[in-house]
Amino acid sequence: MEEKQLPKGNHKITLSSRKSAIITGVNDVLSFDANEVLLETEQGILMIRGDELHVNRLTLEKGEVDIDGRVDSLTYSDGAYSKGGESFFGRLFK
C-alpha cells in the first residue's frame, strides 16, 4: 500500500478558546463568509466552519491568516479545489 506524503512546509494552527485562530502556511483564501472559511494550505484544503467568522488579517506573502469568531470545526481535504465540476463537498464526502 502506498503512503501519501504531505507536502513539507511550515503549516501551523493556533486556536485560542475557539474564538481566535492564527494560521500559517496558507497559499490562498478560496472563499469565506460568516459561517465558513476555505483555505488552500501547504497541507491541503482547510475548511473552517463556525459562526460569525471574520478574516481579520490576511498576508499571503507570509502565508498567514487571522480569523475571529466561534470555530466549530476544522476539516482537511487532500483534493484540489476547483470552482467548476464536482463541488468541494462532493469530493470531501465521497
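Everything that follows concerns the structure shown earlier in this document.
Residues numbered from 1 in each chain as written. Predicted model: local features only at pLDDT ≥ 70, side-chain atom pairs only at ≥ 80, totals over all residues. Heavy atoms only, no water.

Visitor: Looking at this model, I keep getting lost on the overall build of the chain. Mind explaining?
Guide: When its secondary structure is counted, the chain shows one helix and six strands. Mapped from its N terminus to its C terminus, the chain presents α and β elements in the order β-β-β-β-β-β-α. Counting every atom, the chain has about 6300 Å² of accessible surface; 49% of that belongs to carbon and sulfur. (Helix = DSSP H or I, 4+ residues; strand = E, 2+ residues; numbered from the N terminus. Areas by Shrake-Rupley, 256 points an atom, 1.4 Å probe, with all protein chains shown as cover.)

Visitor: Help me understand the sheet that holds strand β1 (residues 12–16) in this model?
Guide: Pairing between the strands of a sheet is mediated by backbone hydrogen bonds and can be parallel or antiparallel. Within the open sheet, the six strands sit side by side as β1-β2-β6-β5-β4-β3. Their pairing is antiparallel. The open sheet has two edge strands with one neighbour each: β1 and β3 (26–32). Recorded for the sheet is a direction-independent mean angle of 35° between the axes of neighbouring strands. The pairing of strand β4 (residues 36–41) with strand β5 (residues 44–59) spans six bridges and is classified as antiparallel. (Pairing = 2+ DSSP bridges. Axes fitted to C-alpha atoms, helices over the stretch in contact; angles between N-to-C directions.)

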